[in-house]
Amino acid sequence: MIGVCAAVWRDEKVLLVRRAAAPSAGLWAQPGGLVELGETLIEAVTREVAEETRLTIENPVLNTYIDIIL
């Protein structure tokens, strides 16, 4: 499974969302979620931000990645 999250900045503030689903329900986090089959990372992060915030982000840039293998 591959996931993405977005650091959306405006002025000196970063966008956070309150998680609705387990296991992180109620916690504040950056918007994001799982990449769907056939989707690029940029497409996935753009979709996730729109789904969770109704905001449209333009020209997102891949900043870094982290491998978390459980």
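Attention here is on the structure that accompanies the text. (Residues numbered from 1 in each chain as written. Predicted model: local features only at pLDDT ≥ 70, side-chain atom pairs only at ≥ 80, totals over all residues. Heavy atoms only, no water.)

Turning our eyes to something else, we now look at a nonpolar patch on the surface. The grouping of I2, L41, I42 and L62 at the surface amounts to a nonpolar patch, some 360 Å² of accessible area in total. Secondary-structure assignment places L62 in the segment after α1 (41-53). (Patch = residues over 30% accessible without salt bridge, like charges linked within 9 Å, V, L, I, M, F, W, Y side chains within 5 Å. Areas by Shrake-Rupley, 256 points an atom, 1.4 Å probe, with all protein chains shown as cover. Salt bridge = Lys/Arg side-chain N within 4 Å of Asp/Glu carboxyl O. Helix = DSSP H or I, 4+ residues; strand = E, 2+ residues; numbered from the N terminus.)

Next up on the list: the nonpolar core. Grouped together as the largest cluster of nonpolar side chains are 7 residues: V4, A6, V8, A44, V45, V49 and I57. When residues in this core are grouped by element, the largest group, 3 residues, is from α1. Setting aside its immediate chain neighbours within four residues, V8 contacts K13, V14, L15, V49 and I57. (Core = buried A, V, L, I, M, F, W, Y, C linked by side-chain atoms within 4.5 Å. Buried < 20%, exposed > 50% of the residue type's maximum accessible area, 1.4 Å probe, protein only. Contact = heavy atoms within 4.5 Å.)

The peptide bond linking A22 to P23 adopts the cis configuration, its omega dihedral lying at 10°. Of note, D11 is a non-glycine position whose phi angle comes to about 55°, a positive value. Judged by relative accessible area, which is 74%, D11 ranks as exposed.

Using the criterion set out here, one finds 5 salt bridges in the structure. Among the salt bridges present, the one from E52 reaches R19, with a minimum N-O distance of 3.3 Å. Residue E52 is located in helix α1, and its partner R19 is located in the loop between β4 (17-18) and β5 (28-29); the two are separated by 33 residues in the primary sequence. The exposure class assigned to R19 is partly exposed, which follows from its relative accessible area of 23%. A salt bridge links R47 to E39, with the shortest nitrogen-to-oxygen separation between them at 2.7 Å. R47 gets classed as buried once you look at its relative accessible area, which sits at 17%.

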